[in-house]
Amino acid sequence: MKTLLAALFAVMIGLTFAGSTYAAEEKKMDAPAAAPAAGGEMKKDEGKKAEKKAEKKAKKKEKKEEKKDEKK
């Protein structure tokens, strides 16, 4: 009985390891298709983030200029 339980335990561990390895390989296979092209293209989210940062910087500059004008 102990031998049977040990064998079942070993099989379950093996199947778990094999399943996780297979899932990891599937993700690797899908990853290149989802990756951006090598031409330097940005993802949509990255482009939006860059635009938001630029807008924030422009607003900060405007506020600084307004404060300078008020002081004069």
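As the structure is a prediction and not an experimental result, all values here were calculated from the model.

> Quick question: what am I supposed to make of the overall build of the protein chain here?
Of regular secondary structure, the protein chain possesses two helices and zero strands. A buried classification covers 1% of the 72 residues belonging to the protein chain. Of the roughly 7500 Å² of accessible surface on the protein chain, a fraction of 61% belongs to carbon and sulfur atoms.

> So what exactly am I meant to see when it comes to a negative patch on the surface here?
Taken together, Glu-62, Glu-65, Glu-66, Asp-69 and Glu-70 make up a surface patch of like negative charges. Inspection of the secondary structure assignment puts Glu-65 in helix 2 (residues 44–71).

> Explain a nonpolar patch on the surface here, please?
A surface patch of nonpolar side chains, amounting to about 470 Å² of accessible area, comprises Met-1, Leu-4, Leu-5 and Leu-8. On the secondary structure map, Leu-8 appears in helix 1 (residues 2–34). Given a relative accessible area of 48%, Leu-8 falls into the partly exposed group.

Quick notes on the rules
Just so you know, the residues in each chain are numbered from 1, in the order the chain's sequence is written. With the structure being a predicted model, the display of local features is reserved for residues of pLDDT at least 70 and the display and counting of side-chain atom pairs for 80 or more, all residues being used for whole-chain, interface and lining totals. By convention in this description, side-chain values take in all heavy atoms of the structure and omit both hydrogens and water. Working definition: helices are DSSP H or I runs of at least four residues, strands are E runs of at least two. Numbering for both runs from the N terminus. Buried means the residue's accessible area, taken with a 1.4 Å probe over protein chains only, is under 20% of the maximum for its type, while exposed means over 50%, and partly exposed covers the values in between. The protein chains shown are the only cover counted for residues, whose accessible areas, like all others here, come from Shrake-Rupley with a 1.4 Å probe. Patches here are clusters of residues that have more than 30% relative accessible area and form no salt bridge, with a 9 Å joining cutoff for like charges and a 5 Å cutoff for nonpolar side chains (Val, Leu, Ile, Met, Phe, Trp, Tyr). By definition here, a salt bridge exists when the distance from a side-chain nitrogen of Lys or Arg to a carboxyl oxygen of Asp or Glu is within 4 Å. This count recognises Lys and Arg as positive and Asp and Glu as negative, with His and chain-terminal groups excluded. Where a charge lies is defined by one atom per residue type: Lys uses NZ, Arg uses CZ, Asp uses CG and Glu uses CD.

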